[in-house]
Amino acid sequence: MEVTAESFLHALVGCSLIQDAGNEKYTLHDLVHDFALYMKEKEYVSTDQLNSGLVSHRARYVSSIGGGCSSETLKGQEKLRGLMCHKVDCLSTFNFAAFRWLRVLDLREGDFLELPKSIGDLMLLKYINLSGARIFELPESIIGLRELQTLILRSSMVKRLPNKISALGMKFPSWISSSTYSCLRVINIWDCDFLENLPNLGFLPNLVDLFMFSVGMIKVFDTTCDHVGGKVAFPKLETLRLWFMESLEEWKFDSKVENMPCLKELDMKYCKNLRVIPFFSTLKKLTIEYIHEWEGWPMAKERDMPCLKEMRISSSEKLKLLPSCPKLEKLFIDSCNELVELPSLSFGLVKATIGLNRLRLRKLPQLQSLPSTFLDSLGGLEELHIMDCPRLLMSIIDVLIQHPLPNLESLQLASWASDDLIWLSWQDKKCELVINSVEMSDKWAGLMVHLNSKVRKLDVKVLHGVDSLPERIQQLHQLKYLKVRESPHLTRLPHWLNKLSQLEWLELDNLRELVEVPAVAFKGLKRLETLKILSCPKLSSLPDELSSLPRLQYVDIFDCSLLAEWWRTQGQHKIPSLHCRTF
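Per chain, residue numbering runs from 1 following the sequence as it is written. Per-residue local features are limited, in this predicted model, to residues with pLDDT of at least 70; the limit for side-chain atom pairs, both in listing and counting, is 80 or more; totals at the level of whole chains, interfaces and linings are taken over all residues. Processing note: side-chain calculations cover all non-hydrogen atoms of the structure and skip hydrogens and water entirely.

**Considerations on the nonpolar core**
Part 1 of the argument: Residues grouped as a nonpolar core are buried Ala, Val, Leu, Ile, Met, Phe, Trp, Tyr and Cys residues, joined through side-chain atoms within 4.5 Å. Exposure classes here rest on a 1.4 Å probe applied to the protein chains alone. A residue is buried below 20% of its type maximum, exposed above 50%, and partly exposed in between. Leu-210, Phe-221, Leu-240, Trp-251, Leu-266, Ile-277 and Leu-361 are the most contacted members of the largest nonpolar core, which totals 72 residues.
Part 2 of the argument: No other element matches helix α5 (residues 390–402), which puts six residues into this core.
Part 3 of the argument: The contact criterion used throughout is that any non-hydrogen atoms of two residues lie within 4.5 Å. Setting aside residues no more than four positions away along its own chain, Leu-361 makes contact with Ile-333, Leu-342, Leu-367, Leu-370, His-385, Ile-386, Met-387, Cys-389 and Leu-392.
Part 4 of the argument: Leu-458, Leu-500, Leu-531 and Cys-580 belong to the second-largest nonpolar core, a separate cluster that totals 43 residues. Counting from the N terminus, the helices are DSSP H or I runs at least four residues long and the strands are E runs at least two residues long.

**Quick look at the pattern of salt bridges**
Part 1 of the argument: One side-chain nitrogen of Lys or Arg within 4 Å of one carboxyl oxygen of Asp or Glu is enough to make a salt bridge. One pass over the full model with this rule turns up 22 salt bridges.
Part 2 of the argument: With a shortest N-O distance of 2.7 Å, Arg-358 and Glu-382 are connected by a salt bridge. One end of the pair, Arg-358, is in strand β20 (residues 358–362); the other, Glu-382, is in the loop between α4 (372–375) and β21 (383–387), and 24 residues separate them in sequence.
Part 3 of the argument: Overall, the relative accessible area of 24% leaves Arg-358 in the partly exposed class.
Part 4 of the argument: For Glu-516, the salt bridge goes to Arg-492, with nearest N and O atoms at 3.2 Å. Of this pair, Glu-516 sits in the loop between β27 (505–509) and β28 (530–534) while Arg-492 sits in the loop between β26 (481–485) and β27, and the two are 24 residues apart along the sequence.

**A short note on the side chain of Asp-106**
Part 1 of the argument: Among the structural elements, Asp-106 can be located in strand β6 (residues 104–106).
Part 2 of the argument: Of the polar contacts made by the side chain of Asp-106, one reaches the side chain of His-86; its length is 3.5 Å.
Part 3 of the argument: If we ignore the near neighbours within four places in the chain, the residues touching Asp-106 are Leu-83, Met-84, Cys-85, His-86 and Asn-129. By the criterion applied in these results, polar contacts are pairs of N or O atoms within 3.5 Å in which, for protein atoms, one can donate a hydrogen and the other can accept it, and in which residues neighboring in sequence qualify only through two side-chain atoms.

**Quick word on the packing of aromatic side chains**
The description of two aromatic rings rests on the distance between their centres and on the angle between their planes.
Part 1 of the argument: Paired rings are identified among Phe, Tyr and Trp, the last through its six-membered ring, by centres lying within 6.5 Å, and are further divided according to the angle between planes into stacked (under 30 degrees), edge-to-face (over 60) and tilted (the rest). Evaluation of the coordinates by the stated rule reveals 17 aromatic pairs.
Part 2 of the argument: Here Phe-221 and Trp-251 contribute two aromatic rings whose centre-to-centre distance is 5.2 Å and whose plane-to-plane angle is 50°, an arrangement assigned as tilted. Taken together, the residues span a long stretch of sequence, with Phe-221 in strand β11 (residues 220–222) and Trp-251 in strand β13 (residues 250–252) at a distance of 30 residues. In terms of burial, Phe-221 and Trp-251 fall into one category: buried.
Part 3 of the argument: Taken together through their ring pairs, the aromatic side chains of Trp-190, Phe-211, Phe-213, Trp-243, Phe-244, Tyr-270 and Tyr-290 make up a single cluster.
Part 4 of the argument: In this analysis the charged atom, NZ for Lys or CZ for Arg, is taken to sit over a ring once it is within 6 Å of the ring centre and within 35 degrees of the ring normal. The side chain of Arg-241 reaches across the aromatic face of Phe-211, ending 4.2 Å from its centre.
Part 5 of the argument: Stacked on the ring of Phe-332, the Lys or Arg Arg-360 has its end atom at 4.7 Å from the ring centre.

**Considerations on a nonpolar patch on the surface**
Part 1 of the argument: Where nonpolar side chains cluster on the molecular surface, the patch consists of Leu-113, Phe-136 and Met-157 and spans about 270 Å² of accessible area.
Part 2 of the argument: With respect to the element layout, Leu-113 can be found in the loop between β6 and β7 (127–129). Only residues whose relative accessible area exceeds 30% and that take part in no salt bridge are eligible for patches, with like-charged residues grouped when within 9 Å of each other and nonpolar side chains (Val, Leu, Ile, Met, Phe, Trp, Tyr) grouped when within 5 Å. Only the protein chains shown count as cover for residues, and all accessible areas are computed by the Shrake-Rupley method using a 1.4 Å probe.

**Quick notes on the side chain of Asp-304**
Part 1 of the argument: Along the polypeptide, Asp-304 turns up in the loop between β15 (285–289) and β16 (310–314).
Part 2 of the argument: With relative accessibility at 12%, the residue Asp-304 sits in the buried group.
Part 3 of the argument: Within polar-contact distance, the side chain of Asp-304 engages the side chain of Ser-324 at 3.3 Å.

**Overview of the pairing of strand β25 (residues 457–462)**
Part 1 of the argument: The element β25 is extensively covered by neighbouring structure, given that five of its six residues are classed as buried.
Part 2 of the argument: Paired strands are those between which DSSP finds at least two bridges. Note that β25 and β26 share four bridges and pair parallel. Residue pairing for β26: Leu-458 is matched across the bridge by Leu-482.

**Regarding the confidence of the model for the protein**
Part 1 of the argument: Per residue, pLDDT measures the predictor's confidence, with a range of 0 to 100. Residues of the protein with pLDDT of at least 70 account for 81%, and the chain-wide mean is 81.
Part 2 of the argument: Confidence over residues 417–421 falls short of pLDDT 50; this stretch has 10 contacts with residues more than four positions distant or in other chains.

**Points about a positive patch on the surface**
Part 1 of the argument: Charge assignment: positive for Lys and Arg, negative for Asp and Glu; neither His nor the chain ends contribute. To locate a charge, take atom NZ for lysine, CZ for arginine, CG for aspartate or CD for glutamate. A contiguous patch of positive charge on the surface is contributed by Lys-264, Lys-284, Lys-309 and Lys-327.
Part 2 of the argument: In this structure, Lys-327 sits in the loop between β16 and β17 (330–334).
Part 3 of the argument: With relative accessibility at 44%, the residue Lys-327 sits in the partly exposed group.

**Description of helix α7 (residues 561–574)**
Part 1 of the argument: To estimate the expected span of a helix, count its residues, drop one, and scale the result by 1.5 Å. The first and last C-alpha atoms of α7 sit 19 Å apart over 14 residues, in line with the 20 Å expected at 1.5 Å per residue.
Part 2 of the argument: Fitting one axis to the seven residues ending at a residue and another to the seven starting there, the bend at that residue is the angle between the two axes. At Trp-567, α7 shows its strongest bend, of approximately 55°.
Part 3 of the argument: Those residues of α7 not exposed but buried are Leu-563, Ala-564, Trp-566, Trp-567 and Gly-571.

**Describing the environment of Glu-295**
Part 1 of the argument: Along the polypeptide, Glu-295 turns up in the loop between β15 and β16.
Part 2 of the argument: A relative accessible area of 51% places Glu-295 in the exposed class.
Part 3 of the argument: Spatially, the C-alpha atoms of Glu-295 and Leu-321 are 8.3 Å apart, while their sequence positions differ by 26 residues.
Part 4 of the argument: Residue contacts for Glu-295: discarding those within four places in its chain leaves Arg-275, Lys-318, Leu-319 and Lys-320.

This is the structure we're talking about:
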């Protein structure tokens, strides 16, 4: 369909009927536009033209700004399709019944205090705009406008709606599921807060994409064969998205018949009262978020998802188990308190051939280990984030040390299970290491060294009485950026710092007890370009060896009163080649 449309578009350009305006936009040529206006000039008129008597009875759209809008003015224009009267001051004598073909009524910023009851006679009316109008209430007759699709009351003074106004949005027109629309491929239903029943959309044989967003009063979604006369419902549907359907309680489906046989993507968010979701073996992408009552699918041999490549599940607090997914490439699971096991990456005797490349796990307190099938798939892993999974965290470190990760680009490991913060994050070849004990120092540093061929940036923080940096850091021979921060018991930098020969950036931040930066620590740092020292109140001097570093030109000192004073009185004379900026 898209190819056909594009061919027609190029044909129109070739005939000079339209022209390319850039940014995938097209406009009419001026001559074509002027000709169109000429052909339509008698259909689009103003009330001034009507009063002049120079307009025929062909007018279809009338506009007016200010003054009155009376039946007398529009006499002879009974076939109007659109009436736009802005800032009109009186409608009390207007007889809408005389304009039964009207589809659009725009009365914005009007000074009238009421609408005539005859508005209820406009059976074809689809659009009413009362923005900024002074009217306080709508007539009860408006509930008879069964074709009304849009009612705009923005910034109006309307305080009361008719008691049965919700009846206008509670039912879809029957034509939507008729054979006339059998070619319909995409349906989006948005913000239908009063809709109580869905039409038989399962009848549509070519529908491939259905998106329902904030359809607030739908309680049952029926996709059974009985619902569509014994045929398979939604025979070609590929994408189904159900978002913010907060009243949805039941999804009716046939347990012995394959539902939606072509479904490739299921995306469900904030259907908080739904307990049961059908199982679709054809899915390639699955997203389930904030469906608190869902407990997952009963596990059985036939409960495998052999085609699934991406799974995202969040805030399904009762979920315990997931099906096997041998082709899974991306797995994101968050806040599933009862989940005890991740999906297997095997299908019977068949193991995954591609393997995971993205794995994110967060807030899974019951999860203790990765399935054995995961271990064979870690070689292709590009992203690994494990956050607040206290039982899993320590075992994952040993797994990572034992398995090569040649493609890993992003690593984040963190636990908030207790007040002791443990954090190792690696984003863009950057590590963040937070150590809360000497024992943990070796454990985390061991993992970091295992990844040393990739580590370019390191952000390290030591807590709880640890007064030195992990010695394994000196083995990070490719390290270019080092930041040491918020380490309350660190008193001096280590001598082995000079082994980081590729280091270009060194930053010392909020080291309240740091008193010494030994000269030997800088001897091998021939590539160092930037030195930043922030909030180190006890540091009173820097070594003269800084003058021997060929690339170092600037030192930034912020909130270090003793060091700033030393620079003003001594440092700038001892190291004249260095520029120091104090703040």
